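This is what each chain is made of:
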Amino acid sequence: FQVLGSSGKLYTCYSSCHFCTCPAFGFTVLQKSESLLCKHILAVYLSRAMGACQKLSVSEEQLTSILLAEEEDER
C-alpha cells in the first residue's frame with residue numbers, strides 16, 4: 001500500500017510483513033521497540049476495514065519504478 005504522509009510524502013506499507021518505509025517506523029518500531037506500528041500502517045488497517053482503499057493495478061515496470069524512486073529518496 002502507498003500512504004500519503006502528513007508531510008506530503010508517499011510511504012509504502014507492506015501489510016503482509018508489517019513494515020513501513022517511514023522514518024518513524026524505523027526509529028520507534030524497529031530501533032526502540034516503543035510501538036507496534038506507525039500511523040501509516042494503522043491507516044492501511046483502518047482503510048481496509050472500512051473498504052476505503054483505492055486499488056490500482058501496475059505493471060512490473062511501474063512497480064520497479066516506484067520502489068527505485070523510494071530508494072533514491074532515502075539517500
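An account of the accompanying structure is given in this report. Residue numbers run consecutively from 1 along every chain, following the written order of its sequence. The predicted nature of this model means local features are confined to residues of pLDDT at least 70 and side-chain atom pairs, given and counted, to a pLDDT of 80 or more, with totals for whole chains, interfaces and linings taken over all residues. Hydrogens are left out, water is left out, and the side-chain values use all remaining heavy atoms of the structure.

By definition, any uninterrupted DSSP run of H or I lasting at least four residues is a helix, any uninterrupted run of E lasting at least two residues is a strand, and each is numbered from the N terminus. Helix and strand counts for the protein come out as 3 helices and 3 strands. Ordered by position in the sequence, the α and β elements of the protein form the string β-β-β-α-α-α. Here the C-alpha coordinates of the protein stretch approximately 35 × 35 × 25 Å along the principal axes. Partly exposed describes any residue whose relative accessible area lies between the buried limit of under 20% and the exposed limit of over 50%, with all areas from a 1.4 Å probe on protein chains only and scaled to the type maximum. A burial count over the protein gives 20% of its 75 residues as buried. In the protein, which carries 6 positive and 8 negative side-chain charges, the distance between the mean positions of the two groups comes to 10 Å. Two residue types count as positive, namely Lys and Arg, and two as negative, namely Asp and Glu; His and chain ends fall outside the count. In this description, the location of a charge corresponds to atom NZ of lysine, CZ of arginine, CG of aspartate or CD of glutamate.

Before going further, it helps to spend a moment on the packing of aromatic side chains. Stacked, edge-to-face and tilted labels apply to pairs of Phe, Tyr and Trp rings (six-membered ring for Trp) whose centres lie within 6.5 Å, assigned for plane angles under 30 degrees, over 60, and everything in between, in that order. Tallying each qualifying case throughout the model produces 2 aromatic pairs. A ring pair is formed by Tyr-14 and Phe-19, whose centres lie 6.4 Å apart and whose planes are at 35°; its orientation type is tilted. Taking relative accessible area as the criterion, Tyr-14 reaches 32% and is therefore assigned partly exposed. An aromatic cluster of three or more residues is present, and its members are Tyr-14, Phe-19 and Phe-25.

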